[in-house]
Amino acid sequence: MSTVALKDVSKVFQDGTVAVDTVNLDVNDGEFMVLLGPSGCGKSTVLRMVAGLEDPSSGAVMLDGEVANDLPPRDRKIAMVFQDFALYPHLTVGDNIAFPLRLAGVEPTPRGERVTDVASALGIGDVLGRKPSQLSGGQRQRVAMGRAIVRRPGLFLMDEPLSNLDSGLRAELRAEISGLTRELGVTTIYVTHDQAEALTMADRVAIMRKGVLQDVGTPTQVYGRPATLYVAAFLGSPRMNLLEASVYVHLDRYVTLNLGEQSLYLPWDDIRSRAVAHYHGERIVVGMRAEALTPVAPDTPGDVLQGRIRHLEHHGHESLAFLDIGATAIMVDEMGGPVETAADGQRGLRRFGQVMQRLAGRAEAPASAPAGRGNRTSVLNDPGRHHRRPAELAVRLAPYPAVSAGHPLAVQVRMDALHFFDERGDRIDVGWR
Ligand SMILES: Nc1ncnc2c1ncn2[C@@H]1O[C@H](COP(=O)(O)OP(=O)(O)O)[C@@H](O)[C@H]1O
Ligand SMILES: [Mg+2]
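For clarity, every value in this text was computed on a predicted model and none was experimentally measured.

Novice: Explain the sheet that holds strand β2 (residues 18-27) to me, using residue names and the numbers behind them.
Specialist: A sheet is described by the order of its strands in space; here 4 strands give the open sequence β2-β1-β4-β5, paired in antiparallel fashion. Strands at the two margins of the open sheet, each flanked by one partner only, are β2 and β5 (66-67). The pairing of strand β4 (residues 58-63) with β5 spans 2 bridges and is classified as antiparallel. When the sheet's bridge partners are listed, Met 62 is paired in β5 with Val 67. The sheet contacts of helix α1 (residues 43-51) involve β1 (4-12), β2 and β4, and relative to β1 the element is tilted by about 120 degrees.

Novice: If you had to explain the pattern of salt bridges to someone new, which residues and values would you point to?
Specialist: Where charged atoms of side chains with opposite charge meet at close range, the side chains can pair. Evaluated as defined, the whole model comprises 17 salt bridges. Salt-bridge contacts for Glu 160 lead to Lys 43; the nearest nitrogen and oxygen are separated by 4.0 Å. Of this pair, Glu 160 sits in the loop between β7 (155-159) and α5 (167-184) while Lys 43 sits in helix α1, and the two are 117 residues apart along the sequence. The class of Lys 43 is buried, set by a relative accessible area of 5%. Between Arg 174 and Asp 194 there is a salt bridge, with the nearest N and O atoms lying 3.8 Å from each other. One end of the pair, Arg 174, is in helix α5; the other, Asp 194, is in the loop between β8 (187-192) and α6 (195-201), with 20 residues separating them in the sequence. Both residues of the pair, Arg 174 and Asp 194, count as buried. Via salt bridges that share partners, Arg 142, Glu 172 and Glu 176 belong to a single interconnected network.

Novice: Explain the nonpolar core residue by residue, including any values.
Specialist: Ranked by size, the top nonpolar core spans 52 residues in total, and within it Ile 97, Phe 156, Ile 177, Tyr 190, Ile 207 and Leu 242 carry the most contacts. Ranked by residue count, the leading element in this core is helix α8 (residues 229-234), at 6 residues. Each of domain 1 (4-234) and domain 2 (241-421) accounts for three or more of the residues forming this core. Ignoring any residue separated from it by four or fewer positions in sequence, one finds Ile 207 in contact with Leu 36, Val 212, Leu 213, Gln 214, Asp 215, Val 222, Tyr 230, Val 231 and Leu 235. Listed in part, the 37 residues of the second largest apolar core include Trp 268, Ala 277, Ile 309 and Val 413.

Novice: Break down the layout of surface pockets for me, citing the residues and quoting the values.
Specialist: Approximately 680 Å³ is the volume found for the largest pocket. Looking at the largest pocket, it is lined by 23 residues, and the ones nearest its centre are Ile 78, Ala 79, Met 80, Ala 148 and Arg 151. Sorting the residues of the lining of the largest pocket by element identifies β6 (78-82), α2 (93-103) and α4 (137-149) as the ones contributing at least two each. If you tally residues by element for the lining of the largest pocket, the top one is β6, at 5 residues. Broken down by class, the residue content of the lining of the largest pocket amounts to 17 nonpolar, no polar and 6 charged.

Novice: Help me get a handle on the environment of Asp 422, residues and values and all.
Specialist: With respect to the secondary-structure elements, Asp 422 resides in the segment after β20 (419-421). Classification of Asp 422 as buried rests on a relative accessible area of 10%. Asp 422 sits 140 residues away from Glu 282 along the chain, and the two C-alpha atoms are 9.7 Å apart.

Novice: Give me the site of ligand 1: which residues, what numbers.
Specialist: All residues in the neighbourhood of ligand 1 are listed as Phe 13, Asp 15, Thr 17, Ala 19, Pro 38, Ser 39, Gly 40, Cys 41, Gly 42, Lys 43, Ser 44 and Thr 45. In isolation ligand 1 offers 560 Å² of accessible surface; the protein chains occlude 65% of this area. By residue number, the principal contributor to the shell around ligand 1 is α1, which donates 3 residues. Partitioned by chemical class, the residues of the shell around ligand 1 number 4 nonpolar, 6 polar and 2 charged.

Novice: With reference to specific residues and values, describe the sheet that holds strand β9 (residues 204-209).
Specialist: Strands belonging to one sheet form pairs held by backbone hydrogen bonds; the direction of such a pair is parallel or antiparallel. Ordered in space as β6-β7-β8-β3-β9-β10, the 6 strands form an open sheet in which the pairing is mixed. Each of the sheet's edge strands pairs with one partner strand only, and the pair in question is β6 and β10 (212-217). Averaged over all neighbouring strand pairs, the angle between strand axes comes to 15 degrees, with direction disregarded. Against the sheet, α4 touches β6 and β7, its axis set at about 165 degrees to β6. Lying over the sheet, α5 contacts β3 (32-36), β7 and β8, oriented at roughly 140 degrees with respect to β3.

The rules behind these values
- Residues numbered from 1 in each chain as written.
- Chains lettered and ligands numbered in written order.
- Predicted model: local features only at pLDDT ≥ 70, side-chain atom pairs only at ≥ 80, totals over all residues.
- Heavy atoms only, no water.
- Pairing = 2+ DSSP bridges.
- Helix = DSSP H or I, 4+ residues; strand = E, 2+ residues; numbered from the N terminus.
- Contact = heavy atoms within 4.5 Å.
- Axes fitted to C-alpha atoms, helices over the stretch in contact; angles between N-to-C directions.
- Salt bridge = Lys/Arg side-chain N within 4 Å of Asp/Glu carboxyl O.
- Buried < 20%, exposed > 50% of the residue type's maximum accessible area, 1.4 Å probe, protein only.
- Core = buried A, V, L, I, M, F, W, Y, C linked by side-chain atoms within 4.5 Å.
- Domains from an automatic or database assignment.
- 1 Å grid on protein atoms, 1.4 Å probe; cavity = no way out; pocket = protein on both sides within 12 Å on 5 of 7 lines; lining within 4 Å.
- Points joined across faces, edges and corners; volume = space filled by probe spheres on them.
- Nonpolar A, V, L, I, M, F, W, Y, C, P; charged D, E, K, R; others polar.
- Near = heavy atom within 4 Å.
- Areas by Shrake-Rupley, 256 points an atom, 1.4 Å probe, with all protein chains shown as cover.

The structure is reproduced here in structure tokens:
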């Protein structure tokens, strides 16, 4: 039994850096929770506070329902695995895994049994006699996992444990790690900046940006109904298409979404049209993932957008067409840039998480305006310094299609798969979650 709860937890470092900003998060017993966000957003700091390696500046870290702020790390029944795992080079694999048990004074016979069990669960049962230098990278990471898990921790904390491995091995170990922790029923908090890793491994994902928790939910929830523009843009590949739209309400009939030269019509019997109708005469952000767009014949009636292919990308199993439909793009920029790169003014304008582009007549957002959650300024900036960027809709095509740049292309839009965000970057929706 092991649960974790963060109650209004903040961490401000001595130099004034706000690494974690009023985070509230519950991790259930046996749950595999992934903390996701770009480098520098505060993931490791959260993990270190749970482990007791860092004190919260305010708020409470609760373990199994008890405030644990003053509990020393060794009393927390926690095991941690890092990116830079260090094995004892002079010890065999078996002795490396057995090491924590030896320290804890476990007798040789049960110790040997537990090492064998863990090693076979991790698929390294046949290399127990080898030294770390004789192992592959993946095997070494398995040994590090084995050493952490052999103590049967109640809580497993992993900080980007796969980032140093190459991609094939990473995919393989992803499945093994989530399989193993589920089998053991160990509550796990797993940190990564890789959205694909998060979506494939997690029971639930918690997405952070600049110390602020943006969204928490199952992969289906955060992907299917992202709480903020930032989350929408962070999850999925190709990235969600984000367009500026102006809203006009025709009561009892439909809501028109004007996307530059073309329009889409949200029928009044779609319950979301009530929520979008509040923005009559204003601009919002419309998000459409590639899976909401199907290429069709140009004269197809219905919810169809006409465009011209700007360029094509071939990915082997599919090709992506980037379609100019005469709409304006909303850019969620530099998702991964660390905060300090914003030092010089020019970069500052484009920095990490900033949403560019315009909403004529709206207050100019400061250069550091974050998108949604913890921010009350507009994400649809004043046009002044930026030229309008034409939106390029990413559309999936069959591999190596018989079209090329410059060709016209029409796409049918699944209206029920559209996402709407307000100028703060918060989701516009009805009765969700
Ligand atoms: N000991 C420290 N002193 C000052 N700032 C720190 C310290 N540790 C981390 N930070 C800063 O806190 C922020 C969050 O860091 P971190 O939790 O390591 O992010 P992540 O793990 O998401 O990459 C970053 O801006 C980082 O530079
Ligand atoms: Mg980190």
